[in-house]
Amino acid sequence: MKKKVLIVDDTLSWLKFNQNLIETFYPKVFDITTVRTAWEARMAAVDNLEMPFDLIITDLQMENFGDDTLAGEWLIQQLKGFKEYNNAKFIIISGMTSIKHIAERNNVAFISKPRLVSNNSSLRMVIETFFPYLSIIKKTIL
């Protein structure tokens, strides 16, 4: 059965970039859903409680909540509140300089957007720490 991935970014080019990387690294391994806001991501996650997403990749800065709350952090906190997402893995991909601090505070993985652009395999490396068997699958696919 395919692993389910939710990619959240308000910039269409970043959504496609991350989706294309995953599809290139792991053809036919993941069922990928993409959305453009944290609110849409929360709704998608709730709609999938019976078969929750295994991996959530989110940007930090998206829609405005009217205060200092970053949409991606809000999303992570929301989803961690559902028991169905206790085993889900989270990756923040953002250009914000505070990404490391926010990721550590929420106990999730992170990749800066500049790092991802300069080293596309950084996403693969993080995903394979979550799902180590993928490094074996990848070798048999290639």
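Structure: above.
Residues numbered from 1 in each chain as written. Predicted model: local features only at pLDDT ≥ 70, side-chain atom pairs only at ≥ 80, totals over all residues. Heavy atoms only, no water.

Caption draft 1: The sheet that holds strand E3 (residues 55–58), seen in detail. Pairing in this open sheet of five strands is parallel, and the strands run E2-E1-E3-E4-E5 from one edge to the other. A strand with exactly one partner marks an edge of an open sheet, and here the two such strands are strand E2 (30–35) and strand E5 (109–112). Taking the axes of each pair of neighbouring strands and ignoring which way they run, one obtains an average angle of 20° across the sheet. Pairing of E3 with strand E4 (residues 89–94) involves four bridges; the strand directions are parallel. Across the sheet, the residue bridging to isoleucine 56 is phenylalanine 90, located in E4. Across the sheet, helix H3 (residues 71–80) touches strand E1 (3–8), E3 and E4, and the angle it forms with E3 is around 160°. (Pairing = 2+ DSSP bridges. Helix = DSSP H or I, 4+ residues; strand = E, 2+ residues; numbered from the N terminus. Axes fitted to C-alpha atoms, helices over the stretch in contact; angles between N-to-C directions. Contact = heavy atoms within 4.5 Å.)

Caption draft 2: Geometry of the packing of aromatic side chains. Taken as a whole, this structure holds seven aromatic pairs when the rule is applied. Considering the side-chain rings of phenylalanine 131 and tyrosine 133, the 6.4 Å spacing of their centres and the 65° angle between planes classify their relative orientation as edge-to-face. Take phenylalanine 131: its relative accessible area is 6%, and that puts it in the buried class. Ring pairs connect the aromatic residues Phe25, Tyr26, Phe30, Phe130, Phe131 and Tyr133, which therefore count as one cluster. One cation-aromatic arrangement involves lysine 4 over phenylalanine 53; the distance from NZ or CZ to the ring centre is 5.0 Å. (Phe/Tyr/Trp six-rings, centres within 6.5 Å; stacked < 30°, edge-to-face > 60°. Buried < 20%, exposed > 50% of the residue type's maximum accessible area, 1.4 Å probe, protein only. Lys NZ or Arg CZ within 6 Å of the ring centre and 35° of its normal.)

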